Amino acid sequence: ETAAELIARLDETDLADLIYAYGEERLSRRIARRIKADLAADGAYSGTQSLAYAVAGCFPPKSRRGRIHPATRTFQALRIAVNDELAALDRLLQKAPDWLEPGGLLAIISFHSLEDRRVKTAFLGDERLQRVTRKPLRADEAEQQINPRSRSAKLRVARRRPADPEAQA
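Everything quoted here is computed from the prediction, not taken from an experiment. (Residues numbered from 1 in each chain as written. Predicted model: local features only at pLDDT ≥ 70, side-chain atom pairs only at ≥ 80, totals over all residues. Heavy atoms only, no water.)

Caption draft 1: Spotlight on the nonpolar core. One finds Ile 7, Leu 15, Leu 18, Ile 31, Ile 35, Val 55 and Leu 78 to be the most contacted residues of the largest nonpolar core, which totals 20 residues. Elements represented by at least two residues in this core include exactly helix 1 (3–9), helix 2 (12–23), helix 3 (28–42), helix 4 (48–56) and helix 5 (72–83). Contact partners of Leu 78, with chain neighbours within four places excluded, come to Ala 3, Leu 6, Ile 7, Leu 15, Leu 18 and Leu 51. In terms of nonpolar packing, the next biggest core, distinct from the first, is built from 11 residues, Leu 89, Leu 106, Ile 108 and Phe 123 among them. (Core = buried A, V, L, I, M, F, W, Y, C linked by side-chain atoms within 4.5 Å. Buried < 20%, exposed > 50% of the residue type's maximum accessible area, 1.4 Å probe, protein only. Helix = DSSP H or I, 4+ residues; strand = E, 2+ residues; numbered from the N terminus. Contact = heavy atoms within 4.5 Å.)

Caption draft 2: Examining the layout of surface pockets more closely. For the largest pocket, the calculated volume is near 590 Å³. Gln 76, Phe 111, His 112, Arg 151 and Ser 152 are, among the 20 residues lining the largest pocket, the residues nearest its centre. Put simply, the parts of the chain that give the lining of the largest pocket at least two residues each are helix 5 and helix 7 (113–125). If one sorts the elements of the lining of the largest pocket by residue count, helix 5 sits on top with 4 residues. Of the pockets and cavities examined, the second largest pocket occupies roughly 280 Å³. If you list the elements that add at least two residues to the lining of the second largest pocket, you get helix 1, helix 4 and helix 5. When residues of the lining of the second largest pocket are assigned to their parent elements, the largest contribution, 4 residues, is made by helix 1. Class assignment for the residues of the lining of the second largest pocket results in 10 nonpolar, 3 polar and no charged. (1 Å grid on protein atoms, 1.4 Å probe; cavity = no way out; pocket = protein on both sides within 12 Å on 5 of 7 lines; lining within 4 Å. Points joined across faces, edges and corners; volume = space filled by probe spheres on them. Nonpolar A, V, L, I, M, F, W, Y, C, P; charged D, E, K, R; others polar.)

Caption draft 3: Inspection of the pairing of strand 1 (residues 105–110) at higher detail. Burial along strand 1 is one-sided: the residues Leu 106, Ile 108 and Ser 110 are buried and none of Leu 105, Ala 107 and Ile 109 is. Pairing analysis gives 6 bridges linking strand 1 to strand 4 (residues 154–160), with the strands arranged antiparallel. Residue pairing for strand 4: Ile 109 is matched across the bridge by Leu 155. (Pairing = 2+ DSSP bridges.)

Caption draft 4: Structural view of the packing of helix 3 against helix 4. Between helix 3 and helix 4, the least distance of the axes is 9 Å, while the angle of their chain directions is 135°. With respect to each other, helix 3 and helix 4 are oriented oblique. In terms of crossing hand, the pair formed by helix 3 and helix 4 is right-handed. For the pair helix 3 and helix 4, contact is made by Ile 31, Arg 34, Ile 35 and Asp 38 and by Leu 51, Ala 54 and Val 55, respectively. Looking at the contact of helix 3 with helix 4, its residues break down into 5 nonpolar, no polar and 2 charged. (Axes fitted to C-alpha atoms, helices over the stretch in contact; angles between N-to-C directions. Parallel < 35°, antiparallel > 145°, perpendicular 65-115°, else oblique. Left-handed = near helix turned anticlockwise from the far one by under 90°.)

This is how it looks when you write it as structure tokens:
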């Protein structure tokens, strides 16, 4: 399913809930109302730029000139939903410890809080794993200057616990 098909399929409330849940966008209701109204009037957006423009129009003028574009969180929510990213991450976090030898390391880089929260919870809740990094490692200023995408990256590392000798007997 494409993002356009997803938007067309969902009603306004479900679209707002999706934008809020996956994009953590506080203006999700206003954005969903605008998207659905535009679709009802025009039938479809001509492309991502027109959708981004419509979403940006939901923000007060001063909020439109921030470091990131106002539509970023809405597009993030649509991408996560279309690609089923969080379910794929959950499957990885469930299966990956089995792939490790005892003492093996599992390192995961997350790029937003929804992913990072899942990684942190999985590392804490899985008895097969022991946290190596208490706090996530983040890119320093020099790295962020060279690679601007690294500004939101968080690295967490866990180690596979040794097999329990009593369980093997």
